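If you want the building blocks of each chain, they are given just below.
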Amino acid sequence: MSKEPVEEQMRRFLMSDEPEAICITGLWGVGKTYLWENAVLPDAKRKREIKLDRYSYVSLFGINDLDGLRQAIFANSLPIEDINKPYSIENSARQWSSSLAKIAEVVPYVGGAAKHIAPFLSMTISKQIVCFDDLERKGSSLSIRDVLGLVTFLKEQRQCQVIVLTNSGDLTGDDEEQFNQYLEKVFDRILVFDPTPEYCAQIAIDDDKYGITDKITTLRIANIRIIFKIRDMLGEIIVHLTEYDAAIHEQAVRALVLACWIKYAKGTPTPKFLNERHSFRFMQDRKKATEEYPDIARWNGLLDNYNYGEMDAFDTVIFDAVSKGYLDPISLKEQASLLQKGVDSRAGYNERRLAWRLFHDSLSDNEDEVVQAFTSAFGSNVETLRAGSLAQALELLRDLGHNIEADELIALYCDTHDGELDAFDVTQQQEYNSKIEDKKLLDEMDARYRELSGQVEPLEALLDPMRTLGRRYDYERASAITIDELKTAFTTLEGEELKLLFSRCFEIAAPASFDEGAKELRRKGKEALALVAKSSVNKLRLKRWGYSFEGEDSADEL
């Protein structure tokens, strides 16, 4: 890992035994504490580059007076070899035994009261490293002047090396004034830690096999806490996506990094903006968009460089996980499965396209190669194959005399899509530029469609908004409904569903609407309405809707 100037100064500090006080300042979250505690200090310990033999880390969070600060230094003091070791009773007992022995050397008998011992505790701290962190989170009763005074005492009187980590800009009022007043007098070096996103990624991410670094670099994320959140949540997400294509992993990482940036960084767009930003590009009133989003130009520039379009349902699951703090793995896998179908479909299309290119773009005598290419391309991607596309391949195979291979592809298609009604609906499966004409395929589809459509209740068939009754056995299935069932439906349905029921019962525009099934459905519909019209209010409604009971075929279009 390349060294950052502040990291180099930290290492220089540890390799010296001369008393010194340094201050490391930087924005919240850039990783000052992590760099010191988890990177520089353990590495220097491993390389035996630390000159002094004891170390004490103290967070000032909530410490309200100097006595409490002195006690914290004393309580947290430990030998260098114990840095980053897991807690154990043996280690703790050994450290306290050593510390108590030091107290006995400098503290007279005072009846055991801690408040009397506290002033003497600093005297036990000598020639060691002391780190003060969270200066801006100290208790309100502890002044910055007192803290900096203790830093000076430890350096000058106790020959210690003192490092202070603080967030720039977080001190306010008297604390800020005192800090600025004594800063140059107390510290030998004042270092500003302003790392690049690449450097933060190097610190936080050990194995970047999912390309987090490139993404946080594009968005200029230099906050190590945000990177940790990305890293940790990615571990929760990716475990549910192992069975899916790498393209889905890439989308998950891209959405996660963006979601964490938006939630935790300052001056970022909102999810609402992500959904709307493409529409802004075509808005006539660009002034209005700029007024609503003053940073729209900067955001669009970042998002364009990030190669991010619009949020889809898969992205939304990840954004929700970041927002709520927990993942819904069921929703994640549902959306990933839908994306996988798209990935498979594109892969299958490309393979079939290459097979057709092999046939069209050559005059070589390569029939065996062409047949092999077609049976492989259409057989290995049959899950995403449309019957209309299959029919074109069947025509070529049969023209070449390979009927066995053609029949095998038909069987594979039917078995793979067993139970999928739409897969055997000729009206939905035909390609826009050609009809399905292979007789064996048509017969198989017709038989499967009849079998499957019989499993659907007649009313369900009538109320399916995605289907029109355009085939003979569609009408046969729908016309199986009873008059009583129709009467109940007419009197209980409302709004769009009621309109759809009327349309399906009395539709006469479809070519198949004059067969026996369609006639039977209209007859039952008229009889059901006659029963409904026995109510005076319903008779009036039907009349105003334009419905007449005069004649067999006089049902007006509603």
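This write-up is about the structure you can find in this document. Just so we're clear, the structure is a prediction, and the values are computed from it rather than from any experiment.

## Here we look at the nonpolar core
If you look at the biggest cluster of nonpolar residues, it comprises 77 residues, and the most contacted ones within it are Trp36 and Leu258. Broken down by element, this core gets its largest block of residues, eleven residues, from helix H11 (residues 246-264). In contact with Trp36, other than residues within four places in its own chain, are Met10, Phe13, Leu14, Leu41, Pro42, Tyr55, Ile129, Cys131, Ile163 and Leu165. Core analysis: the next-biggest nonpolar cluster, separate from the first, contains 30 residues, Ala373, Ala377, Ala393 and Val426 among them.

## Digging into the packing of H11 against helix H15 (residues 313-324)
Where H11 contacts H15, the two axes come as close as 9 Å, and the packing angle between them is 40 degrees. The orientation of H11 relative to H15 falls into the category oblique. At the point where H11 passes H15, the crossing takes the right-handed sense. Judged by residue contacts, Ile248, Gln251, Ala252, Ala255, Leu256, Leu258, Ala259, Cys260, Ile262, Lys263 and Tyr264 of H11 engage Phe314, Asp315, Ile318, Phe319, Val322 and Ser323 from H15.

## Some points on unusual backbone geometry
As a rule of thumb, non-glycine residues mostly have phi less than zero, and peptide bonds are mostly trans rather than cis. The backbone of Lys127 shows a phi angle near 50 degrees, a positive value even though the residue is not glycine. By secondary structure assignment, the location of Lys127 is in the loop between helix H5 (114-124) and strand E4 (129-133). Positive phi values are uncommon outside glycine, yet Asp134 reaches one of about 60 degrees. As for its placement among the helices and strands, Asp134 is situated in the loop between E4 and helix H6 (144-156). Relative accessible area serves as the criterion here: at 12%, Asp134 is assigned to the buried category.

## Notes on the pairing of strand E5 (residues 161-167)
Counting buried positions along E5 yields seven of seven residues, so the element is predominantly enclosed. The pairing of strand E1 (residues 20-26) with E5 spans seven bridges and is parallel. When the sheet's bridge partners are listed, Cys23 is paired in E5 with Val164. As paired elements, E4 and E5 share four bridges and run parallel to each other. Residue Val130 lies in a different strand from E5, and its bridge partner there is Val162. Considered for its hand, the β-α-β crossover made up of E4, H6 and E5 is right-handed.

## Side note on the sheet that holds strand E2 (residues 54-59)
The mixed open sheet is built from six strands, whose spatial order is E3-E2-E4-E5-E1-E6. Here the strands that pair on one side only, and so sit at the sheet edges, are strand E3 (77-79) and strand E6 (189-192). Across the sheet, the mean angle from the axis of one strand to that of its neighbour is 20 degrees, orientation sign disregarded. Sheet topology note: the E2/E4 ladder contains five bridges and is parallel. Bridged to Val58 within E4 is Phe132.

Reading the values: rules and limits
Residues numbered from 1 in each chain as written. Predicted model: local features only at pLDDT ≥ 70, side-chain atom pairs only at ≥ 80, totals over all residues. Heavy atoms only, no water. Core = buried A, V, L, I, M, F, W, Y, C linked by side-chain atoms within 4.5 Å. Buried < 20%, exposed > 50% of the residue type's maximum accessible area, 1.4 Å probe, protein only. Helix = DSSP H or I, 4+ residues; strand = E, 2+ residues; numbered from the N terminus. Contact = heavy atoms within 4.5 Å. Axes fitted to C-alpha atoms, helices over the stretch in contact; angles between N-to-C directions. Parallel < 35°, antiparallel > 145°, perpendicular 65-115°, else oblique. Left-handed = near helix turned anticlockwise from the far one by under 90°. Pairing = 2+ DSSP bridges. Right-handed = clockwise from strand over helix to strand, strands pointing away.

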